[in-house]
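Summary of structural features
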4 protein chains.
Amino acid sequence: DLPFVLIGGPCQIESRNHALEVAEELVGICRALDIPLIYKSSFDKANRTSGGAARGIGLAGGLAILAEVREKFGVPVLTDVHDASQCAPAAEAVDVLQIPAFLCRQTDLLLAAGETGAAINVKKGQFLAPWDMKNVAAKIASTGNERILLTERGASFGYNTLVTDFRALPEMALTGYPVVFDATHSVQQPGGQGTSSGGQRQYAPILARAALAVGCSAIFMETHPDPDNAPSDGPNMIPLSQMPAVLARLKAFDTLAKQASA
Amino acid sequence: DLPFVLIGGPCQIESRNHALEVAEELVGICRALDIPLIYKSSFDKANRTSGGAARGIGLAGGLAILAEVREKFGVPVLTDVHDASQCAPAAEAVDVLQIPAFLCRQTDLLLAAGETGAAINVKKGQFLAPWDMKNVAAKIASTGNERILLTERGASFGYNTLVTDFRALPEMALTGYPVVFDATHSVQQPGGQGTSSGGQRQYAPILARAALAVGCSAIFMETHPDPDNAPSDGPNMIPLSQMPAVLARLKAFDTLAKQASA
Amino acid sequence: DLPFVLIGGPCQIESRNHALEVAEELVGICRALDIPLIYKSSFDKANRTSGGAARGIGLAGGLAILAEVREKFGVPVLTDVHDASQCAPAAEAVDVLQIPAFLCRQTDLLLAAGETGAAINVKKGQFLAPWDMKNVAAKIASTGNERILLTERGASFGYNTLVTDFRALPEMALTGYPVVFDATHSVQQPGGQGTSSGGQRQYAPILARAALAVGCSAIFMETHPDPDNAPSDGPNMIPLSQMPAVLARLKAFDTLAKQASA
Amino acid sequence: DLPFVLIGGPCQIESRNHALEVAEELVGICRALDIPLIYKSSFDKANRTSGGAARGIGLAGGLAILAEVREKFGVPVLTDVHDASQCAPAAEAVDVLQIPAFLCRQTDLLLAAGETGAAINVKKGQFLAPWDMKNVAAKIASTGNERILLTERGASFGYNTLVTDFRALPEMALTGYPVVFDATHSVQQPGGQGTSSGGQRQYAPILARAALAVGCSAIFMETHPDPDNAPSDGPNMIPLSQMPAVLARLKAFDTLAKQASA
């Protein structure tokens, strides 16, 4: 069992400068802790609660910035795609294509992503049982691409609330694909603020510890220098200044979990 | 309060002949009962549980058949769209564009659909609270198109199960848009058969009665001459031969509900 | 199929005068509409959200008042019991013993209630599937008492929220026992006001209509002359002044449902 | 933060010999690992799924055996009580009275338990939000007894399924009372085998690790020499032979969690 990977970064690409500054700091934090990093950021927020909310920097501009982060800092990068036509261009700029949870059963998107040959991280839909993710993975694998990651990010639990069923991690691991725990979206409160989603940032680090104690391959955690003023996902992102302490604790739990299973 | 409309038809367009035969029979049933019909059928099943399941006849062929149904039988037709590029061509052939539940927060799709000027029926996501549908409707209305219908089709309730919260009908009606109850998808058991979804067909008519007793503008109900051999949604579609009796009872409940509220 | 029975009354016995006044008015309303009434009221609220909330008038005093209601107005009466020792005395004063939802799996209570020979109305636990109620009924039936009613009163749906799954009515009817729909507790929001439960009174009548459209034997509905000042369940009880109109509409739906199934 | 306590033992007292043998072995395991043990066993299974299932050895016989375990092995003992009259006699024989989840809002039982002065472990109802447990604790504390423990044992998640929301641990800890995680009941599948409950024993140890990583004061875990032939809770109890390895791993996670928070 390899040490856990961090999939992290700000929810969206706010500007070239913002992306490079956050990447530089996060790369430094992860190198100091010897935690492999995949830098994550979105070029488009395609399913905001409200139509008036900020969408993001767009495909072309965003991919150029992600490519620059990859080259400048020597880290793999990840971004999410929302329709089949985005997969090929995104796969030229990034290492991992991510399928959003709402879209995890859209066959055309899964096939187009798979066909790029890039690694594909699929988030489990809030409406899906963990054992149903094998069907999702099989759609991608039908393209001959087996570089698949499966992410738990919470299940619908009544209205405007998600719950994390940690049995989903070993259940999804039965597929043989690496399992990721998305700590910051699992504490989202979808639509919980009327025209935007709320969140419980304080619980993200402890749920990440629980996930590593249960056993998983990667932690997905969004971070921002100033979450309270971020254009999206502010209520659940971790302040960048807290990441060194948070990650150091996560590393200790991961090390213990992987020793213990040896 | 106008009498309820039926949005009905086979889950997918299986062939030109199949579509025309079902349409002819269903049009006859509805005319005999004086129930307005919107004929529904899909040209593509874009989010099947399993990648190996039948996808459907495709955009061009499917739209031509729907246009023929519309012209031949003089009934409005509805089909579902899965990405923004399908909206304009679909709106030339059909009267109502339908947004699938999984896609109800995809801003680009909602805007593209709205911009066609066609009526738009949005299904509420299984992961969404009824009060959050006002944000969805507002995205469409931002295009200047207010011809919007909102459909209840069940909420996630544990794994592989949906539950209908009938409070959602009056809650969504607060938007001022007509509310539809999807009786056959509300009894789906998503992924409930391992590589396909199960269903409880026997409960669809009684939930439709409940919806009309609560009060709604339309019932969505898929029907098929031989559901057990249908390529999709067989476990929850109503046999066409039962539709006259089912619809006659629904009409009586709708009439009573709308008298009573006068 | 017999016409529906109303199980109704104020949540708790506030005083002899209060009980007699409400009973007189409710008996009059039901006779005018030809709806059989079982008068319901509690002598003890044994599981309030908060320990500081009013408990009620107590066993001895309460049973005497219920016996007086029965004699004076010639209607059967119902009350709920909370431990085995209350069953025998309660069964002398009332016609129907009710098992609260939280207690629906307490074997001793079910057996003691069954052994009285009184009719037993068991509320389905918020944590129980409808098909599990056959095991509950079998505990009572093991005493030789088959006078059993099964009540749907909502299932847990996330936190502080209940949802009514109307498929539970036909599912529980498979036992052969009459099924009751509890309209006012199904719209409770347990613990929803911090130290007491909230409720959505406005939805109780429409859910009752839905239940009758689906098909059931009785409607349970609490009512009060002044719910906003009632010592318990105020947010979900129906004002007594609205009961004639509410019940008249329910009767029409019940009549239609039972004609239609003839 | 003190090291975690194990509340453990066989689900029910099967016989004096069985109780003493299991206690001897479990006491030895815990001493070797320096884990404080509270021995748990029930004298009555008062709410079995089915009326035909084994009930247990009874109050008088059971309490005598528990008192003997306490004296012989020098460990505190815990048992669950089901009505107010059992509290005083039970408190003479055991150190901790446990309130079952279904009964966590029964005011009389909470008060009678509190008045004994014994420590009281209340299991959170499957139907209750974690923030509602402060009202439950306040009922006990109103007797002047503040020796209260609060236990998470899963929340209703659709039918026949529980889910553990690990945010409940820090949420309940806001009360100031120690929080317990019940690992073996959290993986129950209530009523999941038709006339008895199922369980997913394999997930109990990993959920216990998650709980300790999140942070809690005690782990509740039932164990049995031969779970597959136990009279109750077999599908979720941990074989006694596996306890040394399971507990050793739990201790490492607890130590790390409590170091890290220092």
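Here goes a summary of the coordinates provided. (Residues numbered from 1 in each chain as written. Chains lettered and ligands numbered in written order. Predicted model: local features only at pLDDT ≥ 70, side-chain atom pairs only at ≥ 80, totals over all residues. Heavy atoms only, no water.)

**Describing the packing of aromatic side chains**
Remark: the centre distance and the inter-plane angle together describe each pair of aromatic rings, the angle taken between the planes. For the record, the criterion: Two aromatic rings, drawn from Phe, Tyr or Trp (for Trp, its six-membered ring), form a pair once their centres lie within 6.5 Å of each other, and the interplanar angle then sorts them: stacked below 30 degrees, edge-to-face above 60, tilted otherwise. Secondary structure elements follow DSSP: runs of H or I of four or more residues count as helices, runs of E of two or more count as strands, with numbering from the N terminus. Three exposure classes are used, based on accessible area relative to the maximum for each residue type with a 1.4 Å probe and protein chains only: buried under 20%, partly exposed in between, and exposed over 50%.
With the rule as written, the count across this model stands at 22 aromatic pairs over all chains. Taking the centre distance of 4.9 Å and the plane angle of 85° together, the rings of Tyr159(B) and Phe157(D) count as edge-to-face. Of the two residues, Tyr159(B) is situated in the loop between β7 (155–156) and β8 (162–163) and Phe157(D) in the loop between β7 (155–156) and β8 (162–163); the pairing between them involves two chains. There is no split in this pair, since Tyr159(B) and Phe157(D) are both buried.

**Digging into the side chain of Ser232(A)**
Residues and elements named next belong to chain A. Stated precisely, the cut-off is as follows: Pairing of N or O atoms within 3.5 Å defines a polar contact, subject to two protein rules: one partner must be a possible hydrogen donor and the other a possible acceptor, and residues neighboring in sequence count only if both atoms are side-chain atoms. Contact criterion: two residues are considered in contact whenever any of their non-hydrogen atoms come within 4.5 Å of each other.
Take Ser232: it is sitting in the loop between β12 (218–224) and β13 (238–239). Engagement of the side chain of Ser232 in a polar contact is seen with the side chain of Gln12, the distance being 3.0 Å. Excluding residues that lie within four positions of it along the chain, Ser232 makes contacts with Cys11, Gln12, Lys45, Arg48 and Met237.

**As for the environment of Arg105(C)**
The residue Arg105(C) is located in the loop between β4 (96–99) and α4 (107–115) in this model. Look at Arg105(C) and you get buried, because its relative accessible area is 9%. Once the C-alpha coordinates of Arg105(C) and Val136(C) are considered, the two residues, 31 residues apart in sequence, prove to be 6.4 Å apart. When neighbours within four sequence positions are excluded, Arg105(C) is seen to be in contact with Leu110(C), Leu128(C), Val136(C), Lys139(C), Ala46(D), Asn47(D), Arg48(D), Thr49(D) and Phe102(D).

**What to know about unusual backbone geometry**
Located in the positive-phi region is Asn160(A), a residue other than glycine, with phi close to 60°. Assignment of secondary structure puts Asn160(A) in the loop between β7 (155–156) and β8 (162–163). Even without a glycine there, the phi angle at Asp34(B) is positive, about 60°. You can see Asp34(B) is positioned in the loop between α1 (16–33) and β2 (37–40). Accessibility expressed as a relative area gives 61% for Asp34(B), which makes it exposed.

**Notes on the interface of chain B and chain A**
The cut-off we apply is this: Buried area is calculated as the accessible area (1.4 Å probe) missing from two parts once they are joined, with the contributions of both summed. Criterion for a salt bridge: a side-chain nitrogen of Lys or Arg within 4 Å of a carboxyl oxygen of Asp or Glu. Any residue outside Ala, Val, Leu, Ile, Met, Phe, Trp, Tyr, Cys, Pro, Asp, Glu, Lys and Arg is labelled polar, Gly included; the first ten of those are nonpolar and the last four are charged.
Contacts between the two partners involve 31 residues from chain B, matched on the other side by 31 residues from chain A. Carbon and sulfur atoms supply 47% of the area buried between chain B and chain A, which totals about 3,100 Å² over both sides. Arg55(B) is the salt-bridge partner of Asp108(A), the closest N and O atoms lying 3.0 Å from each other. Where chain B packs against chain A, one counts 14 residue pairs in polar contact (both at pLDDT 80 or more). When contributions to the side of chain B that touches chain A are tallied by element, the ones reaching two or more residues are α4 (107–115) and α5 (133–141) of chain B. Taken together, the residues of the side of chain B that touches chain A break down into 10 nonpolar, 13 polar and eight charged.

**Some remarks on the relation of the copies chain B and chain A**
Threshold: Copies overlap after least-squares fitting; the atoms used are the C-alpha atoms of residues with pLDDT of at least 70 in both.
Between the two copies, chain B and chain A, the superposition gives an RMSD of 0.0 Å; the rotation angle is 180° and the shift along the axis is 0.0 Å. The relationship between the two copies is best expressed as a two-fold rotation axis. Taken together, the interface assignments show that 100% of the residues at the interface of chain B recur at the interface of chain A, consistent with an identical surface on both copies.

**Here we look at the pairing of strand β1 (residues 5–9) of chain C**
All names here are of chain C. In plain terms, the rule: The rule for pairing is simple: two strands pair if DSSP sees at least two bridges between them.
Of all five residues in β1, four are buried, a share of seventy percent or more. Of the pairings in the sheet, the one linking β1 to strand β12 (residues 218–224) comprises five bridges and is parallel in character. By the bridge assignment, Leu6 is partnered in β12 with Ile219. For β1 and strand β2 (residues 37–40), the ladder comprises three bridges, and the chain directions are parallel. Opposite Leu6, over in β2, you have Leu37 as the bridge partner.

**A short note on the environment of Leu162(A)**
Relative to the assigned elements, Leu162(A) resides in strand β8. For Leu162(A), a relative accessible area of 2% corresponds to the buried category. Each C-alpha atom of the pair Leu162(A) and Val22(A) lies 28 Å from the other, and the pair is 140 residues apart in sequence. With sequence-adjacent residues up to four places away left out, Leu162(A) is seen in contact with Gln126(A), Arg153(A), Gly154(A), Ala155(A), Ser156(A), Phe157(A), His185(A), Ser186(A), Gln188(A), Pro190(A) and Arg167(D).

**Overview of the packing of helix α2 (residues 59–73) of chain B against helix α3 (residues 84–93) of chain B**
Helix-helix packing: each pair is described by the crossing angle between the helix axes and the interaxial distance. Residues and elements named next belong to chain B. Note the threshold: Axis lines are fitted to C-alpha atoms, over the contacting stretch for helices. Their N-to-C directions set the angle, which ranges from 0 to 180 degrees. Any angle between 65 and 115 degrees counts as roughly perpendicular, while under 35 counts as roughly parallel, over 145 as roughly antiparallel, and the rest as oblique.
Here α2 crosses α3 at 25°, and the two axes come no closer than 8 Å. As far as their axial angle goes, α3 and α2 are roughly parallel. Contact residues: Leu59, Leu63, Ala67 and Arg70 in α2; Gln86, Pro89, Ala90, Glu92 and Ala93 in α3.

**Concerning the side chain of Asp80(D)**
All names here are of chain D. This is how the line gets drawn: The convention is simple: Lys and Arg are positive, Asp and Glu are negative, and His and the chain ends are not counted.
Its place among the elements puts Asp80 in strand β3 (residues 77–80). Buried charged residue Asp80 carries no salt bridge. Nearest counter-charge: Lys45, at 4.4 Å. Within the local environment of Asp80, its side chain forms a polar contact with the side chain of Ser42, the two groups lying 2.6 Å apart. Discounting residues that sit within four places of it in the chain, Asp80 has contacts with Ser41, Ser42, Phe43, Asp44, Lys45, Gln98 and Pro100.

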